[in-house]
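Chain and residue survey
Residues per chain are reported as follows:
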Amino acid sequence: MMRQHRLRRRRAILAFLGVLVLGLLAPGISETVAQKRKAPPPVAKEAPGSRQQDIKREQQPGAKESVEADVSARNIAVTANFNGTEIVVFGAVDGSQQPSAESGYYDLIIVVEGMPGRMVVRRKGNVAGLWLNTSSVIFDNVPSYYAVASNRPIDEIVPEDLRALHGIGLQHIKFTPAVGQSHPLSNEDIKQYRDAVVRLKRASRLYVENQFGAGFTGKSLFRASVVLPANVTVGPFVTHVYLFREEKHLYKVSVRHTLGREGLEWYLHAFAYRLPVLYGFTTVAIAVGAGLLASTAFRKGGTA
Amino acid sequence: MNFYLPVAEMSANILVFLAMGGAVGFLSGMFGVGGGFLMTPLLIFAGIPAAVAVGTEAAQILAASVSGALAQWRRRNVDVKMGTVLLAGGLVGSVFGVQLVGALRRQGVFDFFLSACYVTFLGVIGLMMLIESTNTIRQVRAGRVVTARRSGQHNWVHGLPFKVRFHRSKLYISAIPPLLLGLFVGLLAAIMGVGGGFIMVPAMIYLLRMPTNVVVGTSLFQIVFLTAATTVLQASLNQNVDVVLAVILMAGGVVGAQFGAVAGQRLKGEELRFLLATFILFVCARFAWQLIAPPAELYSIGGMGAI
């Protein structure tokens, strides 16, 4: 009687493990089915051999210098123990005319931007004594992350109009209200909502301004380090390096890099978004298994 | 020790959430409740997005209820017929609830709606329990013998059509009230991330007048299937179930519940109900404060998922 009971329980546990393995294997098997789903696809792993295409260089007319730059890691993996990371942007000025690193001959601005996306900003209002979201604005092309590092305050390096043109600085990040808002917006409204985005993003360390975060380490060598916090969104990134001399823009280098889920992290996220029904059933199986396991363990402990 | 939660998309300290699961598990073991109404708010206060907290909680309640339901089943304390009727209503309610969560999220009022639901239901139930348990404690102190309420008395429920005989509950009543009750609780389970036992159990006793010995078993039976369905629905329609978070909470909850059950045996029923009522009112007050206090920041931003 007792043995039969134990046998049945063992069979149940085996069946549970079977369901689990099936569930975990499935996302790999039916990748093609998954492609049809509208859910945001996890970032694909980068194809090798595209190193040069990721860098774009623009020399301004009349500039003698040119700049080479890169980031310390083109592909950063977000794994289960991801807790933020630091990227180093480095490079050199070809034909540098400055006598030393400290001379302050050139000015340097480095901008790191995350993937632009659509964002809803909501404002709470008081309705009959209760606070709830009453109005909202949708913005397009809001970068998920934005960091600007420079060798001195950016408003001393570049005049306002140039900053606005290039989208340099937290006040000039290029994002715009989406077309087709639910209600007409005044410029004053838009400004308030815009400021709120920057304020909230700054508070969660996703928008960062470091006025002395970049600098020369030699006649031509420069570097800057930028911190990506744990709550950063995965996706493509682009880093722009601007070289200035007396408010004049000389050179710009843009480097593309990515932050992508990998390993278990990639796996679970893909499972949840690509095969949501199976993911749901697997979660149920895990929950039931955990409950049964606990009940078995408890009964043993109770009778012993 | 951190783990990056794949669906909540945030780095979480495993130990914090283990402890949270343990603490709520302790209380749920002690009071014999699922603990969803404590866990979901705690998760939200800990920074988990409200929708993810609600979806993940369904899975966690399922794990917490399975062993209890099984134990009640072995003791033949489950009225399967009544449970099935409740479940039928519950599933319909859950489908509506899950869709409502999605719609409210898109409108940006889900958080408000959730708070309002918590304030209303926790407030009413907490107050009722508080009054009832204080009266009982006072009567016991005065030396009077307290008898349980007589079941079998008739009320408006017994005048409705479509009567069905529920053998184990020794009832011959219309199927409409249990169906509606199931529907209502299913709706709440999906919106509030609770099992609904705290509404189901009093309703079964006072409204349907079921015998107390089958109430808990039948409620657990119903909760197991309802939360299983809700988990699948939330995962497939709203993608707001975080399996890693669920596993961490389950692990903590299971251990906590064992200790809680032992602690609960040392207290009297009315004392337990008084304590539970205090807890419920505390959570209620926390939500109420959030609704009426002027917020420090008027604006909030939602990611792509919030559209």
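**Examining the overall build of chain B**
- Of regular secondary structure, chain B possesses 10 helices and five strands.
- Taking 2.2 N^0.38 as the reference for a compact globule, 307 residues should give roughly 19 Å; the C-alpha atoms of chain B span a radius of gyration of 19 Å, in line with that estimate.
- Here the C-alpha coordinates of chain B stretch approximately 55 × 45 × 40 Å along the principal axes.
- Contacts in chain B between residues far apart in sequence, at least 24 positions, make up 81% of those at least 6 positions apart.

**Here we look at the overall build of chain A**
- Check the secondary structure of chain A and you find seven helices and 14 strands.
- Relative to its full complement of 304 residues, chain A shows a buried share of 33%.
- If you take every contact in chain A between residues at least 6 apart in sequence, the share linking residues at least 24 apart comes to 75%.

**Comments concerning helix 3 (residues 50-74) of chain B**
All names here are of chain B.
- For helix 3, with 25 residues, the first-to-last C-alpha span of 36 Å sits near the 36 Å given by 1.5 Å per residue.
- At Ser65, helix 3 is bent by approximately 30°, the largest bend along its length.
- Of all 25 residues in helix 3, 21 are buried; the element is thus mostly enclosed.
- Arg76 sits one or two residues past helix 3 and shows a positive phi near 60°.

**Notes on the nonpolar core**
- With 154 residues, the main nonpolar core has A:Ile109, A:Ile110, A:Leu243, A:Ala287, B:Leu62 and B:Ala246 as its most contacted residues.
- Residue contributions to this core peak at 13 residues, all from helix 3 of chain B.
- When residues of this core are assigned to domains, at least three map to each of domain 1 (2-29 + 277-303) and domain 2 (53-262) of chain A.
- Filtering out sequence-adjacent residues up to four positions away, A:Ala287 remains in contact with B:Ala59, B:Leu62, B:Ala63, B:Ala246 and B:Met250.

**Here's the deal with the sheet that holds strand 12 (residues 221-228) of chain A**
All names here are of chain A.
- Ordered in space as 2-4-12-11, the four strands form an open sheet in which the pairing is antiparallel. The sheet is open, and its two edges are formed by strand 2 (66-71) and strand 11 (214-216), each paired on a single side. Along the sheet, successive strands turn relative to each other by an average axial angle of 20°, direction set aside.
- Looking at chain direction, strand 4 (residues 85-94) and strand 12 are connected through eight bridges and run antiparallel. Paired with Thr85 across the two strands is Leu228, which belongs to strand 12.

**Some remarks on the interface of chain A and chain B**
- Every contact between the two is made by 47 residues of chain A and, on the other side, 45 residues of chain B.
- Elements that contribute at least two residues to the side of chain A that touches chain B include exactly strand 6 (116-127), strand 7 (130-143), helix 5 (187-203), helix 6 (263-274) and helix 7 (276-303) of chain A.
- Of all the elements, helix 7 of chain A adds the most residues to the side of chain A that touches chain B, at 16 residues.

**Overview of the packing of helix 6 (residues 176-192) of chain B against helix 8 (residues 212-238) of chain B**
All names here are of chain B.
- Packing of helix 6 against helix 8 brings their axes to within 10 Å, and their N-to-C directions diverge by 45°. In terms of orientation, helix 6 lies oblique with respect to helix 8. Between helix 6 and helix 8 the crossing geometry is right-handed. Residues Gly186, Ala189 and Ala190 of helix 6 lie in contact with helix 8, whose contacting residues are Leu226, Thr227 and Thr230.
- Class assignment of the residues belonging to the contact of helix 6 with helix 8 gives a composition of three nonpolar, three polar and no charged.

**Some thoughts on helix 5 (residues 110-141) of chain B**
- If you check helix 5 of chain B, its first and last C-alpha atoms are 45 Å apart, about what 32 residues at 1.5 Å a residue would give, namely 46 Å.
- Listed in full, the buried residues belonging to helix 5 of chain B are B:Phe110, B:Phe112, B:Leu114, B:Ser115, B:Tyr118, B:Val119, B:Leu122, B:Gly126, B:Met129 and B:Ser133.
- Those residues of helix 5 of chain B that are buried are in contact with strand 7 of chain A together with helix 2 (36-45), helix 3, helix 4 (80-107), helix 6 and helix 10 (269-292) of chain B.
- Taken from the residues just after helix 5 of chain B, B:Gly143 is the one with a positive phi, measuring 90°.

**Considering the environment of A:Ser136**
- By secondary structure assignment, the location of A:Ser136 is in strand 7.
- Residues A:Ser136 and A:Gly213, 77 residues apart in the sequence, show an inter-C-alpha distance of 35 Å.
- Ignoring any residue separated from it by four or fewer positions in sequence, one finds A:Ser136 in contact with A:Val120, A:Val121, A:Arg122, A:Arg123 and B:Gly108.

**A closer look at the pairing of strand 5 (residues 107-113) of chain A**
Residues and elements named next belong to chain A.
- For strand 5, a buried count of seven out of seven residues is recorded, marking the element as mostly surrounded by other parts of the structure.
- Of the two faces of strand 5, the one lined by Asp107, Ile109, Val111 and Glu113 and the one lined by Leu108, Ile110 and Val112 are each fully buried.
- Of the pairings in the sheet, the one linking strand 5 to strand 13 (residues 235-245) comprises seven bridges and is antiparallel in character. Note on strand 13: the bridge partner recorded for Val111 is His240.
- As judged from the five bridges shared by strand 5 and strand 8 (residues 146-150), these two strands associate in the antiparallel manner. Its bridge partner being in strand 8, Val111 is matched across the sheet by Val148.

**A word on the confidence of the model for chain B**
Residues and elements named next belong to chain B.
- Predicted confidence across chain B gives a mean pLDDT of 83, with 93% of residues reaching 70 or more.
- A low-confidence stretch, residues 303-307 (pLDDT under 50), is modelled with 10 contacts involving residues beyond four sequence positions or located in other chains.
- With a pTM of 0.76, the predicted complex shows an ipTM of 0.83.

**Quick notes on unusual backbone geometry**
All names here are of chain A.
- Within the chain, Asn141 stands out as a residue other than glycine whose phi angle is a positive 60°.
- By secondary structure assignment, the location of Asn141 is in strand 7.
- For Glu246, which is not a glycine, the phi torsion comes out positive at approximately 50°.
- By the secondary structure assignment, Glu246 is in the loop between strand 13 and strand 14 (248-261).
- Take Glu246: there are 9 C-beta atoms within 10 Å of it, and that puts it in the exposed class.

The rules we used
Residues numbered from 1 in each chain as written. Chains lettered and ligands numbered in written order. Predicted model: local features only at pLDDT ≥ 70, side-chain atom pairs only at ≥ 80, totals over all residues. Helix = DSSP H or I, 4+ residues; strand = E, 2+ residues; numbered from the N terminus. Rg over C-alpha atoms; globule rule 2.2 N^0.38 Å. Contact = placed C-beta atoms within 7 Å. Buried ≥ 20, exposed ≤ 12 C-beta atoms within 10 Å, placed from the backbone. Expected span 1.5 Å × (residues − 1). Bend = angle between axes of the 7 residues up to and from the residue. Core = buried A, V, L, I, M, F, W, Y, C linked by C-beta atoms within 7 Å. Domains from an automatic or database assignment. Pairing = 2+ DSSP bridges. Axes fitted to C-alpha atoms, helices over the stretch in contact; angles between N-to-C directions. Parallel < 35°, antiparallel > 145°, perpendicular 65-115°, else oblique. Left-handed = near helix turned anticlockwise from the far one by under 90°. Nonpolar A, V, L, I, M, F, W, Y, C, P; charged D, E, K, R; others polar. pLDDT = per-residue confidence, 0-100.

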